[in-house]
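Okay, here's what each chain looks like letter by letter:
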Amino acid sequence: MGTFVAAHALSLADRAALFNACYADYLVPVALDAAGLERMGVLCDIDLSASRVRVAGDTPVGFAFLGVRGARGWIGGMGVLPHRRREGHGRALMNAVLDAAAAQGLTHVQLEVLADNHRARDLYVSLGFELTRLVNVWLKPVTEARSSGLPIPGPAPAQERAFHELPAREVLARLEAEKREAAPWQREPATLRHIESELRAITFRGASPSGPFVLYRPQELNVNIVELDAGDGAVPALAALLGELADRHAGGWMRVLNLPEGHGSEAALRSAGFEIRERQSEMRLALNRRT
Ligand SMILES: CC(C)(COP(=O)(O)OP(=O)(O)OC[C@H]1O[C@@H](n2cnc3c(N)ncnc32)[C@H](O)[C@@H]1OP(=O)(O)O)[C@@H](O)C(=O)NCCC(=O)NCCS
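Residues numbered from 1 in each chain as written. Predicted model: local features only at pLDDT ≥ 70, side-chain atom pairs only at ≥ 80, totals over all residues. Heavy atoms only, no water.

Undergrad: Which parts of the structure should I look at to understand the pairing of strand 5 (residues 108-114)?
TA: Put simply, side chains in a regular strand alternate between the two faces of the sheet. Of all seven residues making up strand 5, six are buried, and the element is well covered by its neighbours. Where strand 4 (residues 72-80) lies against strand 5, three bridges are found, and the strand directions are parallel. Paired with Gly 73 across the strands is Val 109, a residue of strand 5. Each parallel crossover has a hand, and for strand 4 linked through helix 3 (residues 89-103) to strand 5 it is right-handed. Relative to strand 12 (residues 275-286), strand 5 is paired through seven bridges, and the arrangement is antiparallel. Across the sheet, His 108 pairs through a bridge with Ala 286, a residue of strand 12. (Buried < 20%, exposed > 50% of the residue type's maximum accessible area, 1.4 Å probe, protein only. Helix = DSSP H or I, 4+ residues; strand = E, 2+ residues; numbered from the N terminus. Pairing = 2+ DSSP bridges. Right-handed = clockwise from strand over helix to strand, strands pointing away.)

Below you can see the structure in the form of structure tokens.
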């Protein structure tokens, strides 16, 4: 009914084509060109030799990518071509990639699945994956700068304090040193170290080392926030930092990927005009408890 090859058996272009074809009808738009897929692989430590492609006849019909960090694995995307679903390929792929993870000595595999993706969630639950926490994608849609005169709802400038750029490496060192709730895989310090030179951080001049900050990656007009914290400051202080970033990047969107539900920065995000765009479940499987 089908065989497997390691994902590196396919060229990067063929992997990207398969990835996009499997996500063509996904609940949210997902499309990566070859360079984007390669970058995602580097950022998330995807191990192509442990990742699997399902082949039926001579044709690739699905894939499962595995990221590896220490004894932990992460499903960095999996899917089956729309016209080849419900033939058992999805389950076979998950089993193959979990076998590869176990063979490497990994103890756990984690993943995120959209709250509305019942097909995939049912598959994961049937394999023994359990919910660890809910995580949300927050988005502040494109707005004009406050200075344009348009009335943008958002935080009033909280204090007459100057903003201050921090070296990203200082914030990364703080994230690694502090005992804080672990970020989801795509925003872990291990991911951020790969893009340290692209990161920027903002705080207030004179803020304490445990003060509020926003760590982010600007992409033309858009801003991907990779970590944020009110620290020892109050919600309005963090909201003011977010408002300042919105002004600096007017005309683009701002996003926080997979913020754990109940995170201390939710009130500041709301006050700065962000809304929850996607809800996801983060799940985890202990490989000695596969079903
Ligand atoms: C999720 C997905 C990979 C399943 O692939 P598939 O080849 O159809 O899955 P299988 O035929 O092996 O079925 C495996 C299990 O998935 C679940 N499932 C799959 N399709 C389902 C459906 N239409 N309705 C309900 N459950 C479904 C069932 O639990 C099924 O087990 P069962 O056959 O014992 O009932 C496929 O639907 C897909 O590619 N979706 C788009 C991409 C995606 O959502 N990827 C996951 C990102 S987290």
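What follows picks up the thread again.
Undergrad: Explanation requested: helix 2 (residues 34-43) in the structure shown.
TA: Spacing of three or four residues puts side chains on the same side of an α-helix, whose turn is 3.6 residues. Those residues of helix 2 not exposed but buried are Leu 37, Met 40, Gly 41 and Leu 43. Buried-residue contacts for helix 2 involve helix 1 (12-22), strand 3 (59-69), strand 4 and helix 6 (189-194). Of the residues flanking the end of helix 2, it is Asp 45, one or two places downstream, whose phi is positive at about 55°. (Contact = heavy atoms within 4.5 Å.)

Undergrad: Is there a simple way to explain the site of the ligand in this structure?
TA: Taken together, 20 residues lie around the ligand, and Met 78, Val 80, Arg 86, Arg 91 and Asn 117 are the ones closest in. The backbone of Arg 86 places a nitrogen or oxygen atom 2.8 Å from an oxygen atom of the ligand. Within the contact set of the ligand, an oxygen atom lies 2.8 Å away from a backbone nitrogen or oxygen of Arg 91. Relative to its unbound accessible area of 910 Å², the ligand is 79% covered by the protein chains. Mapped by element, the contributors of at least two residues to the shell around the ligand are strand 4, helix 3 and helix 4 (118-127). Class assignment for the residues of the shell around the ligand results in eight nonpolar, five polar and seven charged. (Near = heavy atom within 4 Å. Polar contact = N/O pair within 3.5 Å; in protein donor to acceptor, adjacent residues only side chain to side chain. Areas by Shrake-Rupley, 256 points an atom, 1.4 Å probe, with all protein chains shown as cover. Nonpolar A, V, L, I, M, F, W, Y, C, P; charged D, E, K, R; others polar.)

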